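Fold and contact review
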Amino acid sequence: MNPLENAIKLIEKYCYESPQELDLLKLLYAEDLKLKEEPLNDCEGKILFDNEMGLITLNNKIKDERQKRFTLAHEMGHFFNEKHLIELKKNNYTCGFEEFYGLNKSKRWENKANEFAAELLMHKPWFQSFTKNKLPGMELIQETSEYFKVSLTATALRYVFIGQYPTAIIMSKDGKVLWSAINEYFPLKWIPVGYKVRKESAAYDYFDCKEVQKCKDLIPAYTWFSDDFKCPRDLYFYEQNFVMYNYDCVLTMLWEWEG
Ligand SMILES: [Zn+2]
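Below you will find a few notes about this structure. Since the model is a prediction, treat every value here as computed from it, not as a measurement.

Another point: the sheet that holds strand E1 (residues 33-38). Strand pairing in a sheet is mediated by backbone hydrogen bonds. Such pairs are either parallel or antiparallel. As summarised here, the arrangement of the 4 strands in space is E1-E3-E2-E4, forming an open sheet in which the pairing is mixed. Only two strands of the sheet have a single neighbouring strand rather than two, namely E1 and strand E4 (92-95). With direction set aside, neighbouring strand axes in the sheet form an average angle of 15 degrees. When E1 meets strand E3 (residues 54-59), the two strands line up parallel, connected through 6 bridges. Each bridged residue has a counterpart across the sheet, and for Leu35 the counterpart in E3 is Ile56. Strands E1, strand E2 (45-49), E3 and E4 of the sheet are contacted by helix H3 (residues 65-82), whose axis makes an angle of about 25 degrees with E2.

In structure tokens, the structure reads:
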């Protein structure tokens, strides 16, 4: 079964009707998973499993409950997605920032674990009804992330992938784009990995002087899409940035300006 079906099966099995009813720890123990928390170096979570049970280790340095929940759900994703394939493939994973948010297409099983976690924690009908008719922006992502108790980046990605508003999110570090995720309704489609953050973006200020304005800003589309020869000069987007100090990264959100 695919990751979405695996997550939905659990939601139905335990009759969860809202994110508030979803007690991950209870679910974990009911499904023959064990959990321990200890200091881990260079990763947030680990799992070792066979086709019946699994042991998840969480990094006890994670202080943010929302990040903890996403990490836990991601590790559970490895178990539910892969326990039937155990004879064919590896049965242990070490997962960190790159695995959760790297959007590396070659890491197939990491992406599937993320898809499972996103569906379980932010079940599509719950997510769409919560965000419906609300204006996009970092405030909405923050509010949604608190409601679903999921990390900000995971929430922003979910918003881009299943939201009905044209949006894009970009993760950058050291002045360069690590990855971007662009909603199907967004007018432009492509930002290359390694794209240099331009001065027109407030994200640039963080890499320049470690300061960034929190409010939204109207910026020309070529700020992020100058490599796209189809990018119109008179197209503008709203931009808003959020600094992830733990990772020294900036998460940028773009959405359409109906000027
Ligand atoms: Zn993983």
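Below, the discussion takes up the pairing of E3. In this sheet, E3 lies alongside E2 in antiparallel orientation, the contact comprising 5 bridges. Pairing of Gly45 across the sheet is with Leu58, part of E3. The antiparallel pairing of E2 with E3 creates a hairpin that spans 4 residues between the two strands.

With that out of the way, let us pick up the pairing of strand E6 (residues 176-182). Moving residue by residue along a regular strand, the side chains alternate between the two faces of the sheet. The element E6 is largely enclosed, with a buried count of 5 among its 7 residues. Direction of pairing for strand E5 (residues 167-173) relative to E6: antiparallel, over a ladder of 6 bridges. Bridge pairing in E6 places Lys173 opposite Lys176. In sequence, E5 turns back onto E6 through a hairpin of 2 residues, with Asp174 there showing a positive phi of about 50 degrees.

Where helix H6 (residues 124-131) meets helix H8 (residues 152-162), the axes come as close as 11 Å, and the angle between the chain directions of the two elements is 90 degrees. The pairing of H6 with H8 is recorded here as roughly perpendicular in orientation. In contact with Lys124, Phe127, Gln128 and Thr131 of H6, H8 contributes Arg158, Tyr159 and Ile162. Taken together, the residues of the contact of H6 with H8 sort by class into 3 nonpolar, 2 polar and 2 charged.

Further remarks concern the nonpolar core. If you look at the biggest cluster of nonpolar residues, it comprises 58 residues, and the most contacted ones within it are Ala117, Leu121, Ala156, Val160, Ile169 and Leu251. Both domains that furnish three or more residues to this core are identified here as domain 1 (3-124) and domain 2 (166-256). With sequence-adjacent residues up to four places away left out, Leu251 is seen in contact with Leu152, Thr153, Ala156, Ile169, Met171, Phe242 and Met244.

Here we take up the packing of helix H7 (residues 138-148) against H8. As a packed pair, H7 and H8 sit with axes 9 Å apart at the nearest point and diverge in direction by 110 degrees. The angle between H7 and H8 places the two elements in the roughly perpendicular class. Residues Ile141, Gln142, Thr144, Ser145 and Phe148 of H7 form the contact with H8, whose own contacting residues are Leu152, Thr155, Ala156 and Tyr159. Among the residues forming the contact of H7 with H8, the class breakdown is 5 nonpolar, 4 polar and no charged.

Reading the values: rules and limits
Residues numbered from 1 in each chain as written. Predicted model: local features only at pLDDT ≥ 70, side-chain atom pairs only at ≥ 80, totals over all residues. Pairing = 2+ DSSP bridges. Helix = DSSP H or I, 4+ residues; strand = E, 2+ residues; numbered from the N terminus. Axes fitted to C-alpha atoms, helices over the stretch in contact; angles between N-to-C directions. Contact = placed C-beta atoms within 7 Å. Buried ≥ 20, exposed ≤ 12 C-beta atoms within 10 Å, placed from the backbone. Parallel < 35°, antiparallel > 145°, perpendicular 65-115°, else oblique. Nonpolar A, V, L, I, M, F, W, Y, C, P; charged D, E, K, R; others polar. Core = buried A, V, L, I, M, F, W, Y, C linked by C-beta atoms within 7 Å. Domains from an automatic or database assignment.

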